[in-house]
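Coordinate inspection notes
Each chain is listed here by its residues.
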Amino acid sequence: MLDKKFSGRHVLITGAARGIGFEIARQFAREGAVLSIFDFNREMLAKATGELQALGSAVYPYFTDVSDFGMVTDSVSAAEEIQPVDILINNAGIAFETPFLNISEKEWKQILDINLTGMFCVAQAVCRNMSKRKKGVVVNMASKNGVTAEFGYAHYNASKAGVILLTKTMALELAHLNIRVNAVCPGYISTPMSMEIDPPGFTENFVKQFIPMNRAGRVEDVAPIFLFLAGEESGFITGQVIIADGGQMAGQRPADELLAKLTTG
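Residues numbered from 1 in each chain as written. Predicted model: local features only at pLDDT ≥ 70, side-chain atom pairs only at ≥ 80, totals over all residues. Heavy atoms only, no water.

Let's talk about unusual backbone geometry
- Phi at Asn 178 is positive, roughly 65°, even though this residue is not glycine.
- Structurally, Asn 178 can be placed in the loop between helix H5 (154-174) and strand E6 (179-186). (Helix = DSSP H or I, 4+ residues; strand = E, 2+ residues; numbered from the N terminus.)

What follows is the structure, given as C-alpha cells:
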C-alpha cells in the first residue's frame, strides 16, 4: 500500500475550526498528516477536532489567540514536543465591513492584531524551530484584497497587503535555511465568515458583476493550493503569491448583453 502524500508530516494550522482553514485541515488529514490546530473558539475547535479524528488523523487542538505572543509561544512549544512541525499553514484571520471614515481605533487594531501581527507571531515562533533543523514550509493566507482594494475594507485590505510583503520578506530571509514561504490570495469564497458579513442576495449580485467564472469560490477550490505549496512538487517555489479568484482580477467582466453577443456569434 502506497503512503499518503503527507504521511507522518506534522502540519500546524491556525484558524482551523471552520471555513477554508477546516477544509485545509481535512485535506491534510486525508493525506495522513499529523495535525496541530489552533483556534480561539472552544466549541468549534472541539467539533473540528472530532471530525478530523474521524478521518483517522492524529489531531492536537490548542485554544490559542494568535495575537497573544505568550499564548502562541506556549502552544507552539507544546506542538513541537509532540513532533517537530514540518509545515505551517498560517490561516487565522477575521474581516468585517466598515467605511474608511467610520473605522474605530478598536476595529483597526482588532483586524491588524489578528490578520497581520498574529500571522507574524505564529510564523516567527514556528520558524525559529524550523531554522534549527534547516527545513520547513510556511504558507500564509493573504487575499485578493491585499493586491487590489475593496470599498469598505480599508483595515482588512491593509492587513492582507501586509501579509503579502511579510511573506516575501520571510522567503528572502529564510531561503538559506531551506524554509520556503508562499502565500495564497483567495477572491470571493463562500465561507461562514463571508455569510456573516454579506446580506442575502449579495453573492449573486457580486458574482454577476465581477467574477468571469460566474460563481463564488468554494473552500474546496482553495485548500488544494495550500497542499501543493506544502508539498515536494513546489520545492523550487518561494516568495510567491497565488491568486484564486475566478478571474476577477484579470479585468472587467463583460456586461450580459456583450457576453450574449460573444457566445452567440
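Observations concerning the packing of helix H3 (residues 69-82) against helix H4 (residues 105-133)
- Their axes nearest at 10 Å, the elements H3 and H4 cross at an angle of 35°. Note that H3 runs across H4; the crossing there is right-handed. Note on element contacts: H4 touches H3 through Thr 117, Phe 120, Cys 121, Val 122, Ala 125, Val 126, Asn 129 and Arg 133, opposite Phe 69, Val 72, Val 76 and Glu 80.
- Of the residues in the contact of H3 with H4, the class split is eight nonpolar, two polar and two charged. (Axes fitted to C-alpha atoms, helices over the stretch in contact; angles between N-to-C directions. Left-handed = near helix turned anticlockwise from the far one by under 90°. Contact = heavy atoms within 4.5 Å. Nonpolar A, V, L, I, M, F, W, Y, C, P; charged D, E, K, R; others polar.)

Notes on the pairing of strand E3 (residues 59-63)
- Strand direction decides the pairing type here: strand E2 (residues 34-39) and E3, joined by five bridges, are parallel. Bridging from a neighbouring strand, Ser 36 pairs with Tyr 60 of E3.
- A crossover connection joins E2 to the parallel E3 through helix H2 (residues 42-53); in handedness this β-α-β unit is right-handed. (Pairing = 2+ DSSP bridges. Right-handed = clockwise from strand over helix to strand, strands pointing away.)

Side note on the side chain of Thr 167
- Positionally, Thr 167 belongs in helix H5.
- Leave out the neighbours within four places in its chain, and Thr 167 touches Asn 140, Val 181, Asn 182, Ala 183 and Gln 240.

Topic: the pairing of strand E4 (residues 87-90)
- Burial along E4 is two-sided: the residues Ile 87 and Ile 89 and Leu 88 and Asn 90 are all buried.
- Inspection of the sheet shows E4 paired to strand E5 (residues 136-141) by four bridges, in the parallel sense. Opposite Ile 89, over in E5, you have Val 139 as the bridge partner.
- This β-α-β element, E4 to H4 to E5, shows right-handed connectivity. (Buried < 20%, exposed > 50% of the residue type's maximum accessible area, 1.4 Å probe, protein only.)

Looking at the state of the cysteines
- If you walk through the whole model with that rule in mind, you get zero disulfides.
- Here Cys 127 stays unpaired: no disulfide links it, and the sulfur of Cys 121, its closest cysteine neighbor, is 12 Å away.
- Taking the relative accessible area as the measure of exposure, Cys 127 reaches 7% and is therefore buried.
- Here Cys 185 stays free of any disulfide, with the sulfur of Cys 127 as its closest cysteine sulfur at 18 Å. (Disulfide = S-S within 2.5 Å.)

What to know about the nonpolar core
- Of all hydrophobic cores here, the largest spans 66 residues; its most connected members are Ile 13, Phe 28, Leu 35 and Ile 89.
- In terms of residues, this core owes the most to one element, H4, which gives nine residues.
- Apart from residues no more than four positions distant in its own chain, Phe 28 is found in contact with Phe 6, Val 11, Ile 13, Ala 33, Leu 35, Ile 87, Ile 89, Phe 226, Leu 227 and Ala 230.
- In terms of nonpolar packing, the next biggest core, distinct from the first, is built from five residues, Tyr 188, Phe 206, Ile 211 and Ala 216 among them. (Core = buried A, V, L, I, M, F, W, Y, C linked by side-chain atoms within 4.5 Å.)

Regarding the packing of helix H1 (residues 19-30) against helix H8 (residues 219-230)
- Orientation of H1 relative to H8, taken along the N-to-C sense of each, is 55°, at an axis distance of 9 Å. As summarised for this structure, H1 and H8 are arranged oblique, according to the angle between their axes. Our pair here, H1 against H8, has a crossing hand that is right-handed. Of the residues in H8, those touching H1 at Gly 19, Ile 20, Glu 23, Ile 24, Gln 27 and Phe 28 are Val 219, Glu 220, Val 222, Ala 223, Pro 224, Phe 226, Leu 227 and Ala 230. (Parallel < 35°, antiparallel > 145°, perpendicular 65-115°, else oblique.)

Considerations on the packing of aromatic side chains
- In total, this model carries nine aromatic pairs according to the counting rule given.
- Arranged with centres 4.8 Å apart and planes meeting at 70°, the rings of Phe 6 and Phe 28 form a pair that is edge-to-face. Taken as a pair, Phe 6 in the segment before strand E1 (10-14) and Phe 28 in helix H1 lie far apart in primary sequence, 22 residues in all. An identical accessibility class is assigned to Phe 6 and Phe 28; each is buried.
- Relative to Phe 210, the ring of Phe 206 has its centre 4.9 Å away and its plane inclined at 50°; by these criteria the two rings are tilted. Of this pair, Phe 206 and Phe 210 both sit in helix H7 (residues 202-210), four residues apart, roughly one helical turn.
- Classification of Phe 206 as buried rests on a relative accessible area of 9%.
- On the basis of relative accessibility, which here comes to 35%, the residue Phe 210 falls in the partly exposed class. (Phe/Tyr/Trp six-rings, centres within 6.5 Å; stacked < 30°, edge-to-face > 60°.)

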